[in-house]
Amino acid sequence: MRVLRLKDNAEVCIREVSLGDLSEVYEIEKLSFKDPYPLDLLHTFAVLNSDTFLVAVKNGRVVGYVIGVLRWDVIGHILNIAVHPCYRRKGLGELLMREIMDVFRKKGARVFRLEVRVSNLAAQRLYEKLGFKKEYTIPNYYSDGEACYVMFKRD
Ligand SMILES: CC(C)(COP(=O)(O)OP(=O)(O)OC[C@H]1O[C@@H](n2cnc3c(N)ncnc32)[C@H](O)[C@@H]1OP(=O)(O)O)[C@@H](O)C(=O)NCCC(=O)NCCS
């Protein structure tokens, strides 16, 4: 567990997910995505990959989270990140990304991968700020037909 500060100086605690967090994670998921992960999928990640499923907690409430999976022991794959709409633009998304990359590094990863909707400019700016580069596009990646950029960062 780590206590960190947002841009407005507020403290947040970043720690591994527990099953009791999932209903709050799911609420943020529904507020954040057209195609939210179902609760049972979040539950599966929390059971099988709890060390790469981090939540940010402020005043006892989940305000953001990031979900990753280590692939082939070397690639840190970030599957999902969201910040509650009331807590955006305070530096939390960036903190969560930096934390999950540090968790992956401790497991030996030096390459990080993610997919992002071509229309999701806010997320693309975040990833570019952290050094991710767009390497290719996958058409029809999402269920509504939208393409994704596949982005990588190499240490
Ligand atoms: C993407 C998301 C996680 C960013 O979280 P956040 O806490 O608001 O981001 P931060 O405050 O840490 O911003 C870090 C950087 O990202 C970029 N950024 C974030 N939001 C942005 C926006 N709305 N417009 C442009 N750039 C943005 C900026 O470069 C920012 O750095 P700066 O503040 O120094 O300019 C958040 O907008 C979110 O939850 N979106 C909905 C879910 C989603 O799209 N997830 C990504 C799926 S691939």
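Data block above holds the structure.
In what follows, the accompanying structure is described.

Definitions and limits used
- Residues numbered from 1 in each chain as written.
- Predicted model: local features only at pLDDT ≥ 70, side-chain atom pairs only at ≥ 80, totals over all residues.
- Heavy atoms only, no water.
- Helix = DSSP H or I, 4+ residues; strand = E, 2+ residues; numbered from the N terminus.
- Rg over C-alpha atoms; globule rule 2.2 N^0.38 Å.
- Buried < 20%, exposed > 50% of the residue type's maximum accessible area, 1.4 Å probe, protein only.
- Contact = heavy atoms within 4.5 Å.
- Areas by Shrake-Rupley, 256 points an atom, 1.4 Å probe, with all protein chains shown as cover.
- Lys, Arg positive; Asp, Glu negative; His and termini not counted.
- Charge placed at Lys NZ, Arg CZ, Asp CG, Glu CD.
- Salt bridge = Lys/Arg side-chain N within 4 Å of Asp/Glu carboxyl O.
- Phe/Tyr/Trp six-rings, centres within 6.5 Å; stacked < 30°, edge-to-face > 60°.
- Lys NZ or Arg CZ within 6 Å of the ring centre and 35° of its normal.
- Pairing = 2+ DSSP bridges.
- Axes fitted to C-alpha atoms, helices over the stretch in contact; angles between N-to-C directions.
- Parallel < 35°, antiparallel > 145°, perpendicular 65-115°, else oblique.
- Left-handed = near helix turned anticlockwise from the far one by under 90°.
- Nonpolar A, V, L, I, M, F, W, Y, C, P; charged D, E, K, R; others polar.

## Regarding the overall build of the protein
Across its full length, the protein carries four helices and eight strands. For the protein, the sequential pattern of α-helices and β-strands runs β-β-α-α-β-β-β-α-β-α-β-β. For 155 residues, the compact-globule estimate of 2.2 N^0.38 gives 15 Å, and the protein sits close to it at 15 Å. Projected onto its principal axes, the C-alpha positions of the protein cover 40 × 35 × 30 Å. The buried share of the protein, taken over its 155 residues, is 46%. Sequence-distant contacts in the protein: of pairs separated by 6 or more residues, those separated by 24 or more amount to 58%. For the protein, the computed accessible surface area is about 8200 Å², with 52% contributed by carbon and sulfur atoms. The centroid of the 25 positive side-chain charges in the protein is displaced by 6 Å from the centroid of its 20 negative side-chain charges.

## Here we look at the pattern of salt bridges
Here the structure, examined in full by the defined rule, presents 19 salt bridges. Glutamate 11 serves as the salt-bridge partner of arginine 5, at 3.2 Å between the closest nitrogen and oxygen. Overall, glutamate 11 belongs to the partly exposed group, its relative accessible area being 46%. Between lysine 107 and aspartate 51 there is a salt bridge, with the nearest N and O atoms lying 2.5 Å from each other. Of this pair, lysine 107 sits in the loop between helix H3 (92-106) and strand S6 (111-117) while aspartate 51 sits in the loop between helix H2 (39-48) and strand S3 (53-58), and the two are 56 residues apart along the sequence. Connected through shared salt-bridge partners, Lys34, Asp35, Arg117, Asp144 and Glu146 make up one network.

## Observations regarding the packing of aromatic side chains
Scanning the entire structure with this criterion turns up four aromatic pairs. Its guanidinium or amino end placed over the ring of tyrosine 142, arginine 117 lies 4.2 Å from that ring's centre, counting from NZ or CZ. Lying across the ring of phenylalanine 152, arginine 154 places its NZ or CZ 4.9 Å from the centre.

## What about the sheet that holds strand S1 (residues 2-5)?
Pairing between sheet strands relies on hydrogen bonds along the backbone, with the strands arranged either parallel or antiparallel. Strand order across the open sheet formed by eight strands is S1-S2-S3-S4-S5-S6-S8-S7, with mixed pairing between neighbours. Each edge of the open sheet carries a strand with a single partner, namely S1 and strand S7 (133-138). Between one strand and the next, the sheet's axes are offset by a mean angle of 25°, whatever the strand orientation. As paired strands, S6 and strand S8 (residues 148-154) are joined by seven bridges and run antiparallel to one another. For arginine 117, the partnering residue across the bridge sits in S8 and is cysteine 148. Along the sheet, helix H4 (residues 121-129) contacts strand S5 (75-83), S6, S7 and S8; its crossing angle with S6, the most-contacted strand, is approximately 160°.

## Regarding the packing of helix H1 (residues 22-32) against H2
Two measures define how a pair of helices packs: the angle their axes make with one another and the distance between the axes. One way to put it is that H1 packs onto H2 with a least axis distance of 10 Å and a crossing angle of 130°. Here H2 runs oblique to H1, going by the angle between their axes. Where H1 crosses over H2, the two elements pack in a sense that is right-handed. The segment H1 lies against H2, with Leu22, Val25 and Tyr26 engaging Leu39, Leu42, His43 and Ala46. Of the residues belonging to the contact of H1 with H2, the class tally is six nonpolar, one polar and no charged.

Shape is all these values report; function is a separate question.
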